[in-house]
Amino acid sequence: MEIKLELCKILIAGDLNTELTAPTFNSSDCVFQPTADFGFKLTVGRETRIRDVTLRFRADGPWPMRFFRNGFISWSPSYEIEPAYKERVVPWKVLWAHYLDTVYPQPEIGHFFTYLRSGDCCVRISPSTWESLVHFRLNSDRTLDVIVEFGQRATEFTFAGLEVVEDSAPVWPHARTEKLWGWTSWYYYYTRINAQELLKNTKHLVQIPVRLSLFQIDDGWEQRVGDWYENERFPTGSLRHIADEARAAGMSAGIWMAPFICERRSRLFTLHRDWLLQDSDGSPVVAGFNPLWSGYFYALDVTHPEVQSYLQERIAYLLDQGFTMFKFDFLYAGLLEGQWYGASTRYEAFLKGMELLRRASAGALIMGCGAPVMPATGFYDILRIGPDTADNWEDRLLKALAFGGRVSAYNALRNSVNRAILGNSFFLRDPDVVFLRPKRLSREERRTLILANYLLSDVIFFSDPLYGLDHSDFDLLIDIQREIPDFRIEDVRGTTDLYVFTGSCSRGKVRGYLNLSDTVHPLNVQGKELLRNGADGIIGAHQMRIFLEEADVKERG
């Protein structure tokens, strides 16, 4: 059996709202010309604003069929859903941008790529080129909508087409297997950092039993978000001193910025209101809310020449201090809808913003966070693939309020396992940190976070103060690195709470089980368990178990 797509209808939305049906797809108002690989050219009689063109396909194949709903940004929930899937969204619209696309906020819509799966049939779908934003929806009438976003006025609209790959699993190729190890200040200190405390950590970099590549300063060094100058806790020369200490220990120094936003109490917001992205009424576009800052924060117009000059100068200053890695956060603000100074669409604005960051960082590593998750090269070297993790399993209040971007170990792990399919050909997958000495995660939850992050991603970061650790805190990381040094993911299957993933390493086939639920499940598998954990026949709540399927070992069920 296989899954086939057959184009049956065209839906055009904007100043011209119409439906075109097979076989001609033409009307008196426009001409639709299909091209190779589901591409098209749409010609209209006069200049018209087209919001989007939806290609509706009959999805022929075995049903029921499931659909991968890729979330819009790093923090968006991403997993397989069914066509009738419904999900509440947080009622405060100011928080939508933290995990939803504010232009297409419907939770049943996936973004940038998808796959359809039924049993052992699978087809992966993504744009063949990244010239337009593309969104997807699987409908109950066995049709798939591919929504090609334009958002501009013209007489001709073109779409290069889709890359459609049939396989038994939706995994993209891998380019490398070695991990990138690092330390970041965020998950222990949050914004309460200072130069003295960071220098205290650098003194212990060579004393831990794993070799780190990155030492990263996170939020808290700047005066305000938007004002990218050292605050009073970082005296003149202290950033350079920290970077020098990291380099002396054989590491690269990284630093955090949110270049596309500013907070309400920043000097930038007060003095340069013309630098802010404006909505159709001329009001600043709100990009979100963060109680750790001054509440509301706003999108900058990254296409404005003065904004570009300011960011170029500030990034150049940090490069001069010795930083060779930038964690650029809240990048979704470059894709908000507004009246851009130098772009006709939000996607054009985002491209200009990312080109600026790449040019200004002059070859430094770019880690994207709160960023659109597109399987494309050139945007990021490293990309966060899930929401922020936390030293707790779940935030039950925010879950009850339907905040899909909530901070918790559960929420981060769910995205890590589902987006493991991205491979690392486009960017290194960053699942967020592990906790070596958690205060609220149980021993089992700590173990699960470490094992899942190691096997399902490319980046291992932690935030525990280095001067408070001893060698035993690294035992599990060292053990899994020794047992499976070169694991490659081959498939992921499961619900939103219970997953099985398979892959291979130099020792043979690997099968892992990840139970994110609060209940025990039966587990009927035979094989050599790596890092044995628990009783035979079951997998406990919040537990992960890993089996090596050697040549003479067969799974029973």
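Residues numbered from 1 in each chain as written. Predicted model: local features only at pLDDT ≥ 70, side-chain atom pairs only at ≥ 80, totals over all residues. Heavy atoms only, no water.

S.K.: Would you mind showing me how to read the sheet that holds strand 5 (residues 66-69) here?
M.R.: Sheet strands pair by backbone hydrogen bonding; their relative direction is either parallel or antiparallel. The five strands are arranged 6-5-8-9-12 in an open sheet whose pairing can be described as antiparallel. Looking at the sheet topology across the chains shown, the edges are occupied by strand 6 (79-81) and strand 12 (162-167). Here the strands of the sheet are splayed against their neighbours by 25° on average, with no regard to which way each runs. Where strand 8 (residues 114-118) and strand 9 (residues 121-127) come together, five bridges link them in antiparallel fashion. In the strand pairing of strand 9, Leu-116 is matched with Val-123. (Pairing = 2+ DSSP bridges. Helix = DSSP H or I, 4+ residues; strand = E, 2+ residues; numbered from the N terminus. Axes fitted to C-alpha atoms, helices over the stretch in contact; angles between N-to-C directions.)

S.K.: Would you mind going over the confidence of the model for the protein with me for this structure?
M.R.: Close inspection of predicted coordinates is inappropriate in any region flagged by low pLDDT. Summary statistics for the protein give a mean pLDDT of 95 and a share of 98% for residues scoring 70 or more. Every residue in residues 551-557 scores below 50 in pLDDT, and together they form 13 contacts with partners more than four places removed in sequence or on other chains. (pLDDT = per-residue confidence, 0-100. Contact = heavy atoms within 4.5 Å.)

S.K.: Help me understand the side chain of Asn-411 in this model?
M.R.: Relative to the assigned elements, Asn-411 resides in helix 8 (residues 409-418). Overall, the relative accessible area of 1% leaves Asn-411 in the buried class. (Buried < 20%, exposed > 50% of the residue type's maximum accessible area, 1.4 Å probe, protein only.)

S.K.: Got a minute to help me understand the packing of aromatic side chains in this structure?
M.R.: The relation between two aromatic rings is expressed through the spacing of the ring centres and the mutual angle of the planes. This model, assessed by the stated rule, comprises 40 aromatic pairs. Note on Phe-68 and Tyr-115: the rings are 5.1 Å apart at their centroids and 10° apart in plane angle, and the pair reads as stacked. Highlighted residues: Phe-68 in strand 5 and Tyr-115 in strand 8, separated in sequence by 47 residues. We classify Phe-68 as buried; its relative accessible area is 0%. These aromatic residues form a ring-pair network of at least three members: Phe-68, Phe-113, Tyr-115, Trp-172, Phe-350, Phe-379, Tyr-380, Phe-426 and Phe-427. When the ring centre of Tyr-79 is taken as reference, the NZ or CZ atom of Arg-69 above it lies at 4.9 Å. Lying over the aromatic face of Trp-172, Arg-124 brings its terminal NZ or CZ to 4.1 Å of the ring centre. (Phe/Tyr/Trp six-rings, centres within 6.5 Å; stacked < 30°, edge-to-face > 60°. Lys NZ or Arg CZ within 6 Å of the ring centre and 35° of its normal.)

S.K.: Help me out: how do you make sense of helix 3 (residues 238-248) in this one?
M.R.: Side chains three or four residues apart in an α-helix point the same way, a direct result of the helix having 3.6 residues per turn. Those residues of helix 3 that fall on the buried side of the exposure criterion are Ser-238, Leu-239, Ile-242, Ala-243 and Ala-246. Within helix 3, the buried residues cover an arc of 140° as seen down the axis, which keeps them to one side. Buried residues along helix 3 sit in contact with helix 2 (195-202), strand 14 (214-217), strand 16 (227-230), strand 17 (252-257), helix 5 (305-320) and strand 21 (323-328). (Arc of directions from axis to C-beta.)

S.K.: Can you help me understand the environment of Ser-132 in this one?
M.R.: Checked against the element boundaries, Ser-132 lands in the loop between strand 9 and strand 10 (133-138). Here the alpha-carbon distance between Ser-132 and Tyr-380, two residues 248 residues apart in the chain, equals 18 Å.

S.K.: Would you explain the packing of helix 2 against helix 3 in this entry?
M.R.: Helix-helix packing: each pair is described by the crossing angle between the helix axes and the interaxial distance. The contact between helix 2 and helix 3 brings their axes to 10 Å, and the two run at 10°. The orientation of helix 2 with respect to helix 3, classified from their angle, is roughly parallel. Packed against helix 2, whose contacting residues are Ala-195, Leu-198, Leu-199 and Thr-202, the element helix 3 presents Ser-238, His-241, Ile-242 and Glu-245 at the interface. Residues belonging to the contact of helix 2 with helix 3 are distributed by class as follows: four nonpolar, three polar and one charged. (Parallel < 35°, antiparallel > 145°, perpendicular 65-115°, else oblique. Nonpolar A, V, L, I, M, F, W, Y, C, P; charged D, E, K, R; others polar.)

S.K.: I would appreciate a short explanation of a nonpolar patch on the surface in the present structure.
M.R.: Where nonpolar side chains cluster on the molecular surface, the patch consists of Val-286, Phe-289 and Tyr-296 and spans about 240 Å² of accessible area. Since its relative accessible area comes to 37%, Val-286 is described here as partly exposed. (Patch = residues over 30% accessible without salt bridge, like charges linked within 9 Å, V, L, I, M, F, W, Y side chains within 5 Å. Areas by Shrake-Rupley, 256 points an atom, 1.4 Å probe, with all protein chains shown as cover. Salt bridge = Lys/Arg side-chain N within 4 Å of Asp/Glu carboxyl O.)

S.K.: Where do I start with the sheet that holds strand 17 in this structure?
M.R.: The sheet built from eight strands is open, its strands ordered 24-23-22-21-17-14-13-25 with parallel pairing. Strands with a single pairing partner mark the edges of an open sheet, and in this sheet they are strand 24 (428-430) and strand 25 (459-462). Looking at each pair of strands side by side, their axes are set apart by 25° on average, direction ignored. As paired elements, strand 21 and strand 22 (residues 365-368) share four bridges and run parallel to each other. Bridged to Phe-326 within strand 22 is Ile-366.

S.K.: What's the story with the environment of Pro-375 in this structure? I'm lost.
M.R.: Topologically, Pro-375 is positioned in the loop between strand 22 and strand 23 (382-384). According to the relative accessible area criterion, Pro-375 is buried, its value standing at 5%. Along the sequence, Pro-375 and Glu-82 sit 293 residues apart, while their C-alpha atoms lie 23 Å from each other. Those residues in contact with Pro-375, other than ones at most four positions away along the chain, are Phe-112, Phe-113, Trp-130, Trp-172, Leu-422, Phe-426 and Phe-427.

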